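In case you want the letters, here they are:
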Number of protein chains: 2
Amino acid sequence: MSTRPTRNRQFRLASRPEGKVQRSNFDAVDGDVPSPGAGQLLVRTKYLSLDPTNRVWMQDIEQYLPPVQIGEVMRGVGLGEVIESQHPDFKAGDLVIGMVGWQEVAVLDGGGPNKPTRLPPGLPFPEPAFLGALGVTGITAYFGLLELGKPKAGETVVVSAAAGAVGSVAGQIAKLQGCRVVGIAGSADKCAWLTGELGFDAAICYRDADWKEQLRAACPEGIDVDFENVGGDIMSTVLAGMNLHGRVVLCGLISGYNTGKRMLGPFDTVLMKRLTVSGFIILDYAPRFMEAVMQLGQWMMQGKLRHADTIVDGLDAAPEALNMLFDGGNRGKLLVRVAVSQ
Amino acid sequence: MSTRPTRNRQFRLASRPEGKVQRSNFDAVDGDVPSPGAGQLLVRTKYLSLDPTNRVWMQDIEQYLPPVQIGEVMRGVGLGEVIESQHPDFKAGDLVIGMVGWQEVAVLDGGGPNKPTRLPPGLPFPEPAFLGALGVTGITAYFGLLELGKPKAGETVVVSAAAGAVGSVAGQIAKLQGCRVVGIAGSADKCAWLTGELGFDAAICYRDADWKEQLRAACPEGIDVDFENVGGDIMSTVLAGMNLHGRVVLCGLISGYNTGKRMLGPFDTVLMKRLTVSGFIILDYAPRFMEAVMQLGQWMMQGKLRHADTIVDGLDAAPEALNMLFDGGNRGKLLVRVAVSQ
């Protein structure tokens, strides 16, 4: 069990990034460790989840949550350890997943809509998996693919950003449904990992000059489901290869998040091919998260689903590490290790 | 019953239009009247349907049917009278709906996938209605709205190109479902017609400088269903006003058909609002057309659904009349009267 920390370092949004996130977009503030009030918990952040959506939260654009305001602690999901509890459902030493933010110590409400999730002790999975294949990104892959993609055995599923936290799980789940699965990723290494380790049928590096031809060749019967994380030219290319009445799970548009521009896509193709495009934010499925975690955990225990992660050390690394999501620097779930157990 | 015509004037595609369709994009050829072979019919075109999709067929772009080839008779749906029949299901004097093309006389196969539909005699509707509210455009409105829009009583439905053949029927059907219905059209006259005659709750003229504010004011509870015929800025504006989990029936993108450019739309809004966008081509519903016609006809007989049309005279007027669809010159179904009964 952790000792009580003596300071709380926080990263507060100082300015809205233009283009890539810079360290200078944040003020690092070392403050005192707060005390939880009635019904609250003091949580020490162990792992902070870095996600493409963090970049969206920094912008003052239309989105699914309020933008983070200038001066606020940057919003972020993390895994932490309860240090002190003023709520009967939690006790010191509990591991929880919650909106800890970019800070070493967080005060969280133990109840209400944003209460953290307590991890049952003794589960045979490494802690980072609860932010990855068994966490929000895994759950995102699960509901996005199964509820909206509705893949049928024998169909072809293409996953963009396939080596990322969501894509790598979505592709594995599609394989478990009996689909032909083709991933799109940013390096030959990642492609080799997708086919060699995760069981994808093919993987295409979008930096190859002939990647569009490779994609076509990898999908000889056309594409039935696009699990879309990227947008832009990659999305347009995939949609152009889709079969009539294909389904597009619109999970993310990461290629646009750093641009400051509107993220457009080919409505003409959607019309002519009679595609169904389903915008998708995992928060809508919150009441059903447990269903997904149970199935994902079962697959992991059976060796049918792999969690992968890329871990960087120290909260100070968070701003620049976030850019790895855009540059393709991570494989699987990208995490910041904020504190080690003491 | 018609006498046998002595010539067959045809409009053949001579060049692919750039921008608006020009008379010079067609060769008018006066040929002999052909004789139907075994299993075929000779049909004299009475009314030719003009539709935005005709413009798409003229272009060599990705679409749901093969583009019309240079030198081919322009494709078109029409209502005609059987002059001679070599097929047991049809006899001279029958009225049929079919792919007559832009010509005065057509030879059609009496069987097979493209066989014409014979109109039962004695129905209490004017002939043009069978190309409008009771025809393909009415059926388009019916399935698009009900199957994909899934409107529930009390929801707000916005229809673009609301005074057109599809939009005017879609809006009326939405009213019959108990929805609040807001139309977008191109003139104050049309808007007055939509609210005064067709029962729309509100209608907005997109040529007004403040039309976006008017639209917002007309949809105080947000927009649940967009029946989209236009695309471009109109579509983006409607989507920006949609409620979470709204449905977009993507029926047409007429604002783009004359531009020669890709027709893009706001995938960021689709993602953030978790919209479902359903590309929609009515041909997919062909096996169920009768179901729609029965219901539409019943509503018309009950006085709950109105057919409206704009009729121009003479096949020679077809190329330039098609532009009325883009300039807003028509109200309801746009038809060319090719021949009067003799």
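Residues numbered from 1 in each chain as written. Chains lettered and ligands numbered in written order. Predicted model: local features only at pLDDT ≥ 70, side-chain atom pairs only at ≥ 80, totals over all residues. Heavy atoms only, no water.

Q: When you look at the overall build of chain A in this model, what are you seeing that I'm missing?
A: Looking only at helices and strands, one finds 11 helices and 16 strands in chain A. Its C-alpha atoms give chain A a radius of gyration of 20 Å, within 12% of the compact-globule value 20 Å for 342 residues. With the principal axes as the frame, chain A shows a C-alpha extent of 60 × 45 × 35 Å. When burial is assessed residue by residue, chain A has 57% of its 342 residues classed as buried. (Helix = DSSP H or I, 4+ residues; strand = E, 2+ residues; numbered from the N terminus. Rg over C-alpha atoms; globule rule 2.2 N^0.38 Å. Buried < 20%, exposed > 50% of the residue type's maximum accessible area, 1.4 Å probe, protein only.)

Q: Can you walk me through the pairing of strand β12 (residues 242-250) of chain A in this structure?
A: Along a regular strand, successive side chains alternate from one face of the sheet to the other. All names here are of chain A. Both strand β11 (residues 223-228) and β12 contribute to a ladder of five bridges, which runs parallel. What sits directly across from Phe227, in β12, is Val249. Read as a crossover between parallel neighbours, the route from β11 over helix α6 (residues 232-240) to β12 is right-handed. Two strands pair when backbone bridges link them, and β12 and strand β14 (residues 276-279) are joined in this way by four bridges, in the parallel orientation. Residue pairing for β14: Val249 is matched across the bridge by Ser278. (Pairing = 2+ DSSP bridges. Right-handed = clockwise from strand over helix to strand, strands pointing away.)

Q: Please clarify how the sheet that holds strand β8 (residues 156-159) of chain B should be interpreted in this entry.
A: Whether parallel or antiparallel, the strands of a sheet pair through hydrogen bonds between backbone atoms. Spatial strand order, β10(A)-β9(A)-β8(A)-β11(A)-β12(A)-β14(A)-β14(B)-β12(B)-β11(B)-β8(B)-β9(B)-β10(B): 12 strands in an open sheet with mixed pairing. Either end of the sheet is taken by a strand with one partner, and the two such strands are β10 (202-205) of chain A together with β10 (202-205) of chain B. Strand-to-strand twist in this sheet, taken as the mean axis angle between neighbours without regard to direction, amounts to 15 degrees. As defined by bridge partners, strand β9 (residues 180-185) of chain B adjoins β10(B) across four bridges and the pair is classed as parallel. Residue B:Ile184 lies in a different strand from β10(B), and its bridge partner there is B:Ile204. Each of β8 (156-159), β9 (180-185) and β10 of chain A touches helix α5 (residues 211-218) of chain A; the most contacted strand, β10(A), lies at about 170 degrees to it. Relative to β10(B), helix α5 (residues 211-218) of chain B is tilted by about 170 degrees, and along the sheet it contacts β8, β9 and β10 of chain B. (Axes fitted to C-alpha atoms, helices over the stretch in contact; angles between N-to-C directions. Contact = heavy atoms within 4.5 Å.)

Q: Just checking my understanding: could you explain the domain arrangement of chain A for this structure?
A: By a widespread convention, an interface's size corresponds to the accessible area lost as its parts come together. All names here are of chain A. Segmentation of chain A into domains returns domain 1 (8-132 + 308-337) and domain 2 (136-283). Relative to domain 2, the C-alpha centre of domain 1 lies at a distance of 28 Å. Taken together, the contact between domain 1 and domain 2 spans 21 residues of the former and 17 residues of the latter. In total, domain 1 and domain 2 occlude about 1,600 Å² of area from one another, counting both sides; carbon and sulfur atoms represent 59% of this. A per-residue breakdown of the area domain 1 buries against domain 2 is headed by Tyr64, Phe326 and Arg331, which together make up 31% of the total. (Domains from an automatic or database assignment. Buried area = accessible area lost by both parts, 1.4 Å probe.)

Q: Help me understand the interface of chain B and chain A, please; the structure alone is not making it clear to me.
A: Taken residue by residue, the interface counts 34 residues in chain B and 34 residues in chain A. Roughly 3,000 Å² of surface becomes buried between chain B and chain A when both sides are summed, with 63% attributable to carbon and sulfur atoms. When the buried surface of chain B facing chain A is broken down by residue, B:Phe267, B:Leu271 and B:Met272 rank first, second and third, together holding 27% of it. Remark: the boundary between chain B and chain A carries six salt bridges. (Salt bridge = Lys/Arg side-chain N within 4 Å of Asp/Glu carboxyl O.)

Q: Explanation requested: the packing of aromatic side chains in the structure shown.
A: Given two aromatic rings, one states the distance between the centres and the angle between the planes to describe the pair. Under the definition given, this model contains 15 aromatic pairs over all chains. Taking 5.1 Å as the distance between ring centres and 90 degrees as the angle between the ring planes, the aromatic pair formed by A:Tyr142 and A:Phe143 counts as edge-to-face. For A:Tyr142, a relative accessible area of 9% puts it in the buried group. Judged by its relative accessible area of 0%, A:Phe143 falls in the buried class. With 5.5 Å between their ring centres and 90 degrees between their planes, A:Phe267 and B:Phe267 make a pair best called edge-to-face. You can see A:Phe267 sitting in helix α8 (residues 267-272) and its partner B:Phe267 sitting in helix α8 (residues 267-272), one on each of two chains. Here the aromatic cluster, defined as three or more aromatic residues joined through ring pairs, consists of A:Tyr142, A:Phe143, A:Phe280, A:Tyr285 and A:Trp299. For A:Arg75, the ring lying beneath its charged end belongs to A:Trp57, and the centroid distance is 4.9 Å. (Phe/Tyr/Trp six-rings, centres within 6.5 Å; stacked < 30°, edge-to-face > 60°. Lys NZ or Arg CZ within 6 Å of the ring centre and 35° of its normal.)

Q: Help me understand helix α9 (residues 289-301) of chain A, please; the structure alone is not making it clear to me.
A: Given 3.6 residues per turn, any residue in an α-helix points the same way as the ones three and four places further on. Residue and element names in this part refer to chain A. With 13 residues, α9 should cover 18 Å at 1.5 Å per step; its first-to-last C-alpha distance of 18 Å lies within 8% of that length. Taken as a whole, α9 has its buried residues at Phe289, Ala292, Leu296, Gly297, Trp299 and Met300. For α9, the arc enclosing every buried residue in end-on projection is 160 degrees, short of the 170-degree limit, so these residues lie on one face. Facing away from the buried side of α9, by more than 90 degrees, are the exposed residues Met290, Met294 and Met301. Contact partners of the buried residues in α9: α2 (136-149) and α3 (165-176). (Expected span 1.5 Å × (residues − 1). Arc of directions from axis to C-beta.)

Q: Before we go on, may I ask you to explain the packing of helix α2 (residues 136-149) of chain B against helix α3 (residues 165-176) of chain B in this structure?
A: Each pair of packed helices can be summarised by the angle the axes make with each other and by the distance between the axes. Residue and element names in this part refer to chain B. With their axes 8 Å apart at the nearest point, α2 and α3 run at an angle of 45 degrees to one another. Between α2 and α3, the crossing angle belongs to the class labelled oblique. The handedness of the crossing between α2 and α3 is right-handed. Contacts between α2 and α3 pair Thr137, Gly138, Thr140, Ala141, Tyr142, Leu145 and Leu146 from the former with Ala165, Val166, Val169, Ala170, Ile173 and Ala174 from the latter. Classifying every residue of the contact of α2 with α3 gives 10 nonpolar, three polar and no charged. (Parallel < 35°, antiparallel > 145°, perpendicular 65-115°, else oblique. Left-handed = near helix turned anticlockwise from the far one by under 90°. Nonpolar A, V, L, I, M, F, W, Y, C, P; charged D, E, K, R; others polar.)

Q: What is the right way to look at the relation of the copies chain B and chain A in this model?
A: The relation between the two chain copies is a rotation about an axis coupled with a shift along that axis. The operation relating chain B to chain A is a screw motion whose rotation component is 180 degrees, with 0.0 Å of axial translation and a residual RMSD of 0.0 Å. Taken together, these values place the two copies in the relation of a two-fold axis. Both copies share a contact surface, since 100% of the interface residues of chain B are interface residues in chain A too. (Least-squares fit on C-alpha atoms with pLDDT ≥ 70 in both.)

Q: Just to check I follow, could you spell out empty space enclosed by the protein for this structure?
A: Rolling a probe over the atoms, with the probe sized like a water molecule, indicates the empty space that remains. Counting across every chain of the model gives two cavities of 30 Å³ or more. In this structure, the largest cavity spans a volume of roughly 40 Å³. Lining the largest cavity are B:Gly132, B:Ala133, B:Ala165, B:Ser168, B:Val169, B:Arg306, B:His307, B:Ala308, B:Gly332 and B:Lys333. Class assignment of the residues belonging to the lining of the largest cavity gives a composition of four nonpolar, four polar and two charged. When residues of the lining of the largest cavity are sorted by domain, at least three fall in each of domain 1 (8-129 + 308-337) and domain 2 (136-283) of chain B. Put simply, the second largest cavity is a space of about 30 Å³. Lining the second largest cavity we find A:Gly132, A:Ala133, A:Ala165, A:Ser168, A:Val169, A:Arg306, A:His307, A:Ala308, A:Gly332 and A:Lys333. (1 Å grid on protein atoms, 1.4 Å probe; cavity = no way out; pocket = protein on both sides within 12 Å on 5 of 7 lines; lining within 4 Å. Points joined across faces, edges and corners; volume = space filled by probe spheres on them.)

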